[in-house]
Amino acid sequence: MVDYRFTEEQELFRESMKEFCASEIVPKTEKLTEVRRMPKEIIKALAKFELLGLIIDPEYGGLGTDVITAGIAAEELARADPSCSIPVLFLVGTSWGHVIDKYGTEEAKKEILPKAINGEQIIGIATTESDIGSDLGSMKTKISKKGDKYIINGEKMYISGVAEAMEYGGGHVTLAKMTPDKGTRGMCLFYLPLKDTKGITPTYVEDIGREAISCGGFDINNVEIPKHYLLGEENKGFYCVHEGYELARGLIALVCAGAASKALENGIAYIKERKAFGRHIGKYEGIQFKLAENHVRIQALRELGYKALWTYDQEIQGKASRFDVSMAIAMAKSVASIWASEAINDVMQWQGAFGYTKECEDQKAWRAVRSFTLAEGSTEIMKLIIARELLGKEFLAYR
Amino acid sequence: MKLIACIKQVPDTTEVKVDPKTHTLIRDGVPSILNPYDQFAIEECVRIRDQIGDCSVSVLTMGPPQARSALMRCLALGADEAILISDKAFAGSDTWATAYTLSLAIKKIGFFDIVFCGQQAIDGDTAQVGPELAQQLGIPQVTYVEKIEIDNKNKLTINKQTEDGYQILEAKLPLLLTLLPPTSFQPEHPPMSSILKAKRKPFNIWDVETLGGDKSRFGLDGSFTQVIKTYTPPKRGECELIEDNPKEAAKKLSKILCKNEALTKR
Ligand SMILES: Cc1cc2nc3c(=O)[nH]c(=O)nc-3n(C[C@H](O)[C@H](O)[C@H](O)COP(=O)(O)OP(=O)(O)OC[C@H]3O[C@@H](n4cnc5c(N)ncnc54)[C@H](O)[C@@H]3O)c2cc1C
């Protein structure tokens, strides 16, 4: 039979997470909207609570927990920060830290991971370019070998955490082509430090949500990196990058579930208080049905999310295949953003005109979860993955 | 040195609602938490242990099996071992029977230097268990403790809160303290690594047989008092907050008092 309970450690962790969020995160979220980058003291607080190396090998300063525990952190952070900026910082660092931990050279791991875990530096992901996002095989950024170094040329765009990496330090796990005629089989994954790197020129964009984490791009002009920054083998980067994406997508499902469940709680409190036509609006079926439908969806999303991360854990232990992981993760992410934004949209609707003001905290969550129909892989691509698993690779349109 | 902390799992009273008709507390579905005063006690214990070295912290509670989670939290906060005193025979204990049971457990541990208790539990608010436990152990006690310092000769300097300030007391060991929120340090969250370690620390369950003692003094039989009903007194009137500078506030207040005929205008 299925055992739906979290372990005692996971329960204890959630309890501590809730307390941590109540005292360290919630009081700071209002100010977060003003800054467009993650304040250093928040990164330091996350590090002090030891959240930034949860699943990383203890040899490099992490705690070596399972991935479900990271899911609990993502869910609780999203309940605390409606702009979802802190959850994004957490999920990106966790997922790409994991890729460095798994595929990095010993030298790179010792150099990069402890600093990210103690909050001195950040880790991001950079695959998207101005002209390509989903279609990674068509990317233009190139990497070539020169002696004991690699040289990179190209550009990346719509990348989270560029300002933080430029200012505080750190870098992005980056994908580039080494053997262009081999498409996705000719790509390398590597770590690209941004701060003080000669040949990196940043640009910034203003997203409509997640306003406390920066988003931007960078030109990469003859940038040299040492050989030990390569992650995995040459020309096999496309495969390694997906392990990070899958983890990030699973965590996103729980960020969406956390943000939406908090919004629904706000909505419940409101419809129990607000009166129209002589009754609390919570007494009207038109509102109750929406509440019930959204509750079912968000609970289903939560279960899809934890099931996906459980499958990810199973694969780490050799008990599930990569295909099992791809399917479970894509299922969760394919509905995460849509179900969450619809639920939050309903909560805003219940609050009438107030719901459409900037004072309403739920609109922040709505703008934030909307990003996840794109970030870390679009909704459509998730559906393609599900269909690919159901129909077989020969049914991929672009093969 | 040996420090012992006595803790209790309580319903989160910030979540407890009151039945509007009967005024009794609705406890169903209310999460259980570590009594906040006891958390201060644990944190103070751990701080002192870390300061003096060669010292360990045992944490005990008398409660149902579910109280394990409160003890796990104490282990996560840094305690070294946990003891859950649990048996149907202890059900219905009042503060005196509880103190007797705890005293047996402490005697079974054998040696100790300081026993820490929270000032009170937020569900009953009696503040009796600590003092009664000191009585049963035959050791001195200091209540309302807000700050503790220990020197290298193990002499304690204690700030005890009073109505108009605090007293500074010195004490020799062994001794029992009941703690208020600390004034000398900021309580911290246990980091994730100590949560993981908690699971690997010794955890013992002691039942009535393990404790020994006089069975007629346990549980309901050993209790001088019984809780018949818990309720919140009904609200007696509305409260209005006047927020203004003193002059304006006084004017508004006198107006309201006149309007309600509490004052008459001459
Ligand atoms: C807030 C935010 C933060 C981001 N942060 C990062 C980051 O840190 N690092 C990073 O590398 N990227 C980041 N991205 C980029 C994100 O990964 C891409 O937006 C995403 O992969 C889609 O790529 P695209 O925007 O180029 O759209 P395209 O790939 O050009 O697609 C355009 C539209 O067509 C759809 N589409 C594409 N192919 C198909 C198909 N075969 N069948 C059906 N529909 C299809 C897409 O789903 C999409 O709706 C971020 C995006 C956002 C919005």
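Note that the structure is a prediction, hence the values are computed from the model and not measured.

A. The arrangement of the nonpolar core in detail. One finds Phe13, Leu46, Leu51, Leu54 and Leu192 of chain A together with Phe116 and Leu177 of chain B to be the most contacted residues of the largest nonpolar core, which totals 163 residues. For this core, the leading source of residues is helix α8 (residues 237–273) of chain A, giving 18 residues. Those residues in contact with leucine 177 of chain B that lie beyond four places of it in its chain are Ile114, Val115, Phe116, Cys117, Val142, Val145, Ile148, Leu156 and Ile158 of chain B. Counting residues in hydrophobic clusters, the runner-up holds 26 residues, among them Cys6, Ile85, Phe90 and Trp206 of chain B.

B. How the structure looks around helix α9 (residues 285–316) of chain A. Taking 1.5 Å per residue as the helical rise, α9 of chain A with its 32 residues ought to reach 46 Å, and the 46 Å between its terminal C-alpha atoms agrees with that figure. At the C-terminal side of α9 of chain A, glycine 318 of chain A shows a positive phi close to 75 degrees.

C. Main features of empty space enclosed by the protein. Residues and elements named next belong to chain A. Tallied over the full model, the rule gives 2 cavities of 30 Å³ or more. When contributions to the lining of the largest cavity are tallied by element, the ones reaching two or more residues are α5 (85–103), α6 (106–117) and β1 (122–126). At 7 residues, the largest contribution of residues to the lining of the largest cavity is made by α5. In the lining of the largest cavity, the residues fall into 14 nonpolar, 7 polar and no charged. Two domains each put at least three residues into the lining of the largest cavity: domain 1 (8–122) and domain 2 (123–231). Roughly 50 Å³ of volume is contained in the second largest cavity. If you go around the second largest cavity, the residues you meet are Ala78, Arg79, Pro82, Ala259, Lys262, Ala263, Asn266, Glu361, Asp362 and Ala365. Looking at the lining of the second largest cavity, the elements with two or more residues in it are α4 (67–80), α8 and α11 (361–370). The class makeup of the residues in the lining of the second largest cavity is 5 nonpolar, 1 polar and 4 charged. Looking at which domains feed residues into the lining of the second largest cavity, each of domain 1 (8–122) and domain 3 (237–395) gives three or more.

D. Region of interest: the pairing of strand β3 (residues 149–160) of chain A. Residue and element names in this part refer to chain A. Relative to β3, strand β2 (residues 142–146) is paired through 5 bridges, and the arrangement is antiparallel. Its bridge partner lying in β3, isoleucine 143 is registered against isoleucine 152. In terms of strand pairing, β3 meets strand β7 (residues 215–226) through 9 bridges, oriented antiparallel. From the neighbouring strand, isoleucine 151 faces β7, where its bridge partner is glutamate 224.

E. Here's a closer look at the pattern of salt bridges. Residues and elements named next belong to chain A. By the definition in use, this model includes 35 salt bridges over all chains. Between glutamate 106 and lysine 110 there is a salt bridge, and its shortest N-O distance comes to 3.6 Å. Of the two residues, glutamate 106 and lysine 110 are both situated in helix α6; the distance of 4 residues between them amounts to about one turn of the helix. Judged by relative accessible area, lysine 110 falls into the exposed class, the value being 53%. Between glutamate 342 and arginine 297 there is a salt bridge, with the nearest N and O atoms lying 2.6 Å from each other. Here the residue glutamate 342 occupies a position in helix α10 (residues 322–350), and arginine 297 occupies one in helix α9, the gap between them amounting to 45 residues. Since its relative accessible area comes to 37%, glutamate 342 is described here as partly exposed. Classification of arginine 297 as partly exposed rests on a relative accessible area of 28%.

F. Broad picture of the domain arrangement of chain A. All names here are of chain A. As far as domains go, chain A holds domain 1 (8–122), domain 2 (123–231) and domain 3 (237–395). Computed over C-alpha atoms only, the centres of domain 2 and domain 3 are separated by 28 Å. Together domain 2 and domain 3 conceal approximately 1,200 Å² of surface at their shared face, both sides included; 62% is due to carbon and sulfur atoms. Between the two partners, domain 2 and domain 3, sit 1 salt bridge.

G. Structural context of a nonpolar patch on the surface. Residues and elements named next belong to chain A. Residues Leu390, Leu391 and Phe395 make up a contiguous nonpolar surface patch of roughly 360 Å² in combined accessible area. Residue position: phenylalanine 395 is located in the segment after α12 (379–391). Classification of phenylalanine 395 as exposed rests on a relative accessible area of 58%.

H. Examining the interface of chain A and chain B more closely. Residue-level contacts link 17 residues of chain A with 14 residues of chain B. The junction of chain A with chain B conceals about 1,500 Å² of combined surface from both sides, 58% of it contributed by carbon and sulfur atoms. Looking at the side of chain A facing chain B, the largest losses of area belong to Glu8, Glu9 and Leu12 of chain A, adding up to 38% of the total buried there. Linking chain A with chain B are 3 salt bridges, by the criterion used here. Taking the shortest distance from any N to any O, the salt bridge between glutamate 8 of chain A and arginine 68 of chain B comes out at 2.5 Å. Counting every contact that joins chain A to chain B gives 6 residue pairs in polar contact (both at pLDDT 80 or more). The greatest single-element share of the side of chain A that touches chain B, amounting to 10 residues, is contributed by helix α1 (residues 8–25) of chain A. For the side of chain A that touches chain B, the per-class residue count stands at 6 nonpolar, 4 polar and 7 charged.

About the thresholds
Residues numbered from 1 in each chain as written. Chains lettered and ligands numbered in written order. Predicted model: local features only at pLDDT ≥ 70, side-chain atom pairs only at ≥ 80, totals over all residues. Heavy atoms only, no water. Core = buried A, V, L, I, M, F, W, Y, C linked by side-chain atoms within 4.5 Å. Buried < 20%, exposed > 50% of the residue type's maximum accessible area, 1.4 Å probe, protein only. Helix = DSSP H or I, 4+ residues; strand = E, 2+ residues; numbered from the N terminus. Contact = heavy atoms within 4.5 Å. Expected span 1.5 Å × (residues − 1). 1 Å grid on protein atoms, 1.4 Å probe; cavity = no way out; pocket = protein on both sides within 12 Å on 5 of 7 lines; lining within 4 Å. Points joined across faces, edges and corners; volume = space filled by probe spheres on them. Nonpolar A, V, L, I, M, F, W, Y, C, P; charged D, E, K, R; others polar. Domains from an automatic or database assignment. Pairing = 2+ DSSP bridges. Salt bridge = Lys/Arg side-chain N within 4 Å of Asp/Glu carboxyl O. Buried area = accessible area lost by both parts, 1.4 Å probe. Patch = residues over 30% accessible without salt bridge, like charges linked within 9 Å, V, L, I, M, F, W, Y side chains within 5 Å. Areas by Shrake-Rupley, 256 points an atom, 1.4 Å probe, with all protein chains shown as cover. Polar contact = N/O pair within 3.5 Å; in protein donor to acceptor, adjacent residues only side chain to side chain.

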